[in-house]
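Observations on the three-dimensional arrangement
One-letter residues, chain by chain:
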Amino acid sequence: MLNTHSLIEPQDLSVEEIKELFTLADDIKNRPNLYINACEGKLMGTLFYEPSTRTRLSFASAMNRLGGRVVGFSDPSSSSATKGESVADTARMLSAYADIIVMRHPLEGAPKVASLYSDIPVINAGDGGHNHPTQTLTDLYTIHTVFGRTDNLKVGVCGDLKFGRTVHSLIMAMSRYSGIEFFLISPEELRVPRYLREFMDNNNVSYTEVETIEEVIADVDILYMTRIQRERFYDDSDYERLKDTYVLDAEKMQLAKENMIVMHPLPRVKEISREVDYDPRAKYFKQARYGMFIRMALILKLLEVGFKPNHTHLEPTKYHCKNTHCITKVENEPQQMIDMGDNNYKCLYCDYTVHIEE
Ligand code: NCD
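Just so it is clear, the structure is predicted and the values come from calculations on it, not from any experiment.

**Looking at the overall build of the chain**
Along the backbone of the chain there are 10 helices and 12 strands. Radius of gyration (C-alpha) of the chain: 20 Å, near the 21 Å computed for a compact globule of 358 residues. On the principal axes, the C-alpha backbone points of the chain span a range of 60 × 55 × 35 Å. Within the span of the chain, comprising 358 residues, buried residues form 56% of the whole.

Laid out in structure tokens, this is it:
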């Protein structure tokens, strides 16, 4: 049984619970007819404040294949967000109509806020450059399906490691398996955020930061490519300079192991050449399909466990989050900077850490 009620960050699911989801997703994949009425009478509300093709359609397909229904918006300009309605109030409203909420938002921590006010489970479908836990379930399920394991793997992660939320969630989730070695491939300016490096250091996770694919491609079992996240840059000229840093092509693929796989959360821009699509090691389109099955399993489990709302009134903390992309910068949520010791404080909503010397 899942012991969580919302999925906001990858750690909301234990390793054991993820394994249960794999088993259920396998069964759904093999015997889909058994599940066609599993969510009959249930309604999913999809609140997409940011563009999406795969994730939104994958959730909608998953719910429809389970016999449930979907309401929601894919364009915030058609919602009350334009009238200034807060995420908290929208979550309260949806709770009155639906049975489960799926939310994507450009601000980091927005789904966390929704989960604190909602009476029904909330699934984070991507919050700014922060987390994307159901993409991680998709990634893990793909790895599990291809390799038959999610441990003892050398994982190259390439591209925009600073703003790439799928990367952040993947690192968090995979760090819990034994024998994982990360090779983090990015330009200096797009390295993983500090909170993640601290997380890996504190948990003795092996990682090496490099700047080129060629340095590591021969060693890795998985090469996880990502797009440079144009929409998260503060300055478009930085994007222009960095956008073509990495291109995985047939020539580089020749250096890789026979059973290495290439993954990508998609959409891709130019970081994987089209010729690689025909290499059997390219798994990114299959990955998208696996995502639907694992989301079906997740929806079923979250609806099965029953939801206990946790509406506690939070007193604001003394210090404020300094992340300009944090939900608290725009909406009037109580500041929650958690004391991590040694004068370090971490935001409950977006994980941004600050060091405060008084
Ligand atoms: C990713 C996302 O939205 O973060 N896409 C997805 O959900 N499959 C990756 C991206 O946009 O680059």
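Now that the structure is up, let's keep going.
**Remarks on a negative patch on the surface**
Where like charges cluster on the molecular surface, the negative patch consists of E211, E214, E215 and E251. Within the secondary structure, E214 is located in the loop between β7 (206-210) and β8 (222-225).

**Topic: the sheet that holds strand β3 (residues 100-105)**
The strand order across the open sheet formed by 4 strands is β2-β1-β3-β4, and the pairing between neighbours is parallel. Only two strands of the sheet have a single partner each, and these edge strands are β2 (69-73) and β4 (122-127). When the angles between neighbouring strand axes are averaged without regard to direction, this sheet yields 15°. Judged from the 5 bridges that link them, strand β1 (residues 43-48) and β2 form a sheet pairing that is parallel. Among the inter-strand pairings, T46 is bridged to a residue of β2, identified as G72.

**What about the packing of helix α5 (residues 133-147) against helix α6 (residues 165-174)?**
Put simply, α5 and α6 touch, their axes get as near as 8 Å, and they point 55° apart. The angle between α5 and α6 falls in the class oblique. Between α5 and α6 the crossing geometry is right-handed. Counted together, P133, Q135, T136, D139, L140 and I143 of α5 and T166, S169, L170, A173 and M174 of α6 form the full contact between these two elements.

**What to know about the sheet that holds β8**
Taken in spatial order, the 5 strands line up as β7-β6-β5-β8-β9 in an open sheet, and their pairing is parallel. With one partner strand each, in any of the chains shown, β7 and β9 (261-263) form the two edges of the open sheet. Strand-to-strand twist of the sheet, defined as the mean angle between neighbouring strand axes without regard to direction, takes the value 20°. Of the pairings in the sheet, the one linking strand β5 (residues 153-158) to β8 comprises 4 bridges and is parallel in character. When the sheet's bridge partners are listed, V157 is paired in β8 with Y224. Contacting β5, β8 and β9, α5 crosses the sheet at an angle of about 165° to β9.

**Considering the site of the ligand**
All residues in the neighbourhood of the ligand are listed as R54, T55, R104, H132, Q135, R165, T166, R227, Q229, P265, L266 and P267. Contacts to the ligand include R104, whose side-chain N or O atom sits 3.1 Å from an oxygen atom. At a separation of 2.9 Å, a nitrogen atom of the ligand approaches a polar backbone atom of P265. Within the complex, 93% of the 320 Å² of free accessible area of the ligand lies under protein.

**What to know about the domain arrangement of the chain**
The extent of an interface is frequently quoted as the accessible surface area lost upon association of the parts. According to the domain assignment, the chain consists of domain 1 (10-132 + 289-305), domain 2 (142-285) and domain 3 (319-358). Here the C-alpha centre of domain 3 lies 26 Å away from the C-alpha centre of domain 1. On the domain 3 side, the residues contacting the 15 residues of domain 1 number 12 residues. Roughly 1000 Å² of surface becomes buried between domain 1 and domain 3 when both sides are summed, with 58% attributable to carbon and sulfur atoms. Counting every contact that joins domain 1 to domain 3 gives 0 salt bridges. Elements represented by at least two residues in the side of domain 1 that touches domain 3 include exactly α3 (87-97) and α4 (110-117). A total of 5 residues in the side of domain 1 that touches domain 3 trace back to one element, the largest contributor, which is α4. The residue makeup of the side of domain 1 that touches domain 3, split by class, is 7 nonpolar, 5 polar and 3 charged.

**Here's the deal with the packing of aromatic side chains**
Aromatic ring pairs are described here by two measures, namely the spacing of the ring centres and the angle between the planes. For the structure shown, the criterion picks out 8 aromatic pairs. Geometrically, the ring pair formed by F163 and F233 is tilted, given 5.3 Å between the ring centres and 55° between the ring planes. Placement of the pair is F163 in the loop between β5 and α6 and F233 in the loop between β8 and α8 (236-242), with a sequence separation of 70 residues. We classify F233 as buried; its relative accessible area is 14%. Each residue in the set F163, F233, Y234 and Y239 is aromatic and connected to the rest through ring pairs, giving one cluster. The cationic tip of R295 hangs over the ring face of F59; the distance from NZ or CZ to the ring centre is 4.9 Å.

What counts and how
- Residues numbered from 1 in each chain as written.
- Predicted model: local features only at pLDDT ≥ 70, side-chain atom pairs only at ≥ 80, totals over all residues.
- Heavy atoms only, no water.
- Helix = DSSP H or I, 4+ residues; strand = E, 2+ residues; numbered from the N terminus.
- Rg over C-alpha atoms; globule rule 2.2 N^0.38 Å.
- Buried < 20%, exposed > 50% of the residue type's maximum accessible area, 1.4 Å probe, protein only.
- Patch = residues over 30% accessible without salt bridge, like charges linked within 9 Å, V, L, I, M, F, W, Y side chains within 5 Å.
- Areas by Shrake-Rupley, 256 points an atom, 1.4 Å probe, with all protein chains shown as cover.
- Salt bridge = Lys/Arg side-chain N within 4 Å of Asp/Glu carboxyl O.
- Lys, Arg positive; Asp, Glu negative; His and termini not counted.
- Charge placed at Lys NZ, Arg CZ, Asp CG, Glu CD.
- Pairing = 2+ DSSP bridges.
- Axes fitted to C-alpha atoms, helices over the stretch in contact; angles between N-to-C directions.
- Parallel < 35°, antiparallel > 145°, perpendicular 65-115°, else oblique.
- Left-handed = near helix turned anticlockwise from the far one by under 90°.
- Contact = heavy atoms within 4.5 Å.
- Near = heavy atom within 4 Å.
- Polar contact = N/O pair within 3.5 Å; in protein donor to acceptor, adjacent residues only side chain to side chain.
- Domains from an automatic or database assignment.
- Buried area = accessible area lost by both parts, 1.4 Å probe.
- Nonpolar A, V, L, I, M, F, W, Y, C, P; charged D, E, K, R; others polar.
- Phe/Tyr/Trp six-rings, centres within 6.5 Å; stacked < 30°, edge-to-face > 60°.
- Lys NZ or Arg CZ within 6 Å of the ring centre and 35° of its normal.

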